[in-house]
Amino acid sequence: MQYVFNVWESIYRRIRQSQNRLLLCDYDGTLTAIVDSPEMAILSDETRKLLGSLAHKSGLLVGVVSGRALSDIKERVGIDSIIYAGNHGFEIEGPGIQFIHPLTEELGSIMHLMGTVLKRTLGRIKGVIVEDKGVTLSVHYRMVDDNQLTEVTSAFENTVSTARKLGKVKTTSGKKVHEVRPAVPWHKGNAVQLVYDKFATSRKKGQVLPVYLGDDLTDEDAFKAVNDLDGLSILVGAGSQVSAADYYLNSPSEVNLFLAELLKII
Ligand SMILES: [Mg+2]
């Protein structure tokens, strides 16, 4: 993995030489700093302004791809005329795109039931936040006391293990969050591919350069999709994590620097 600003010349050239670019960003930990509670992840005015200005550039389509519910991510970002992919891509909307995964409604009721159980079993542990996002669920435990972490994990496992064994759901664990998703092969990588395909049909294939920025395990699928499309995959917050990304930036504030540079060269 190479640091974006160490190889800026070559990145610069690839962006300049493409006529059409697709810029997709994760939200939490990428556009905003990681915070204690998901409620507190507010987009800064600076980042909103940068994204808004980029959205007005011709030859560039901007989108936000998040594990949050579509309504939540739209409200938090609040920019018209960009693409929003919520719930890891189960719901996508924006200019020229309106997509809801066909199983969303059916799976939503299973998820809701499981959310009710999780709220009941985990509700007694201080600091746990169970988020029912419709087609997916998140259990946030950043604010839980260290000595109760095993309790959170075992209560979570007890609740989800049966449904997982039956092949109804799959679970992932990221930065202080356990997530439950329907066991259908659909993830941020599919969302990237779907948006790319829509965008590329009206243009010549291969002339669209996709760029993806993300910070967590669920972004790895998106990095792989972007790599397959000869795009730029950028991990935010390098750490020691093994990643499919080709490049990295150190923090969400460096993402702002990157966005500001894009604004100058597109
Ligand atoms: Mg993230």
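Everything here concerns the structure above.
Residues numbered from 1 in each chain as written. Predicted model: local features only at pLDDT ≥ 70, side-chain atom pairs only at ≥ 80, totals over all residues.

> For this particular structure, what's the right way to read the overall build of the chain?
Assigned secondary structure in the chain consists of eight helices and 13 strands. Against the globule reference of 18 Å for 266 residues, the chain gives a C-alpha radius of gyration of 18 Å, in line with a compact fold. Taking the principal axes of its C-alpha atoms as reference, the chain extends roughly 55 × 35 × 30 Å. In the chain, which comprises 266 residues, the proportion classed as buried is 44%. Taking contacts inside the chain between residues at least 6 apart in sequence as the whole, the part at least 24 apart equals 57%. (Helix = DSSP H or I, 4+ residues; strand = E, 2+ residues; numbered from the N terminus. Rg over C-alpha atoms; globule rule 2.2 N^0.38 Å. Buried ≥ 20, exposed ≤ 12 C-beta atoms within 10 Å, placed from the backbone. Contact = placed C-beta atoms within 7 Å.)

> For this particular structure, what's the right way to read the packing of helix α2 (residues 45-55) against helix α8 (residues 252-265)?
To characterise two packed helices, one gives the angle between the axes of the helices and the distance between these axes. Relative orientation of the contacting elements α2 and α8 amounts to 30 degrees, with a least axis distance of 10 Å. Judged by the angle between their axes, α2 and α8 are roughly parallel. Judged by the sense of rotation from one axis to the other, the crossing of α2 with α8 is left-handed. Between α2 and α8, the residues in contact are Glu46, Thr47, Leu50, Leu51, Ser53 and Leu54 and Asn256, Leu259, Ala260, Leu262 and Leu263, respectively. Split into classes, the residues belonging to the contact of α2 with α8 amount to seven nonpolar, three polar and one charged. (Axes fitted to C-alpha atoms, helices over the stretch in contact; angles between N-to-C directions. Parallel < 35°, antiparallel > 145°, perpendicular 65-115°, else oblique. Left-handed = near helix turned anticlockwise from the far one by under 90°. Nonpolar A, V, L, I, M, F, W, Y, C, P; charged D, E, K, R; others polar.)

> Quick question: what am I supposed to make of helix α6 (residues 188-201) here?
Residues separated by three or four positions in an α-helix point in the same direction, a consequence of the helix having 3.6 residues per turn. The terminal C-alpha atoms of α6 lie 20 Å apart, and with 14 residues this matches the ideal 20 Å at 1.5 Å per residue to within 8%. Burial in α6 covers these residues: Lys188, Gly189, Asn190, Ala191, Val192, Val195, Tyr196 and Phe199. (Expected span 1.5 Å × (residues − 1).)

So, to be careful, I would describe these as geometric facts and stop short of saying anything about function.
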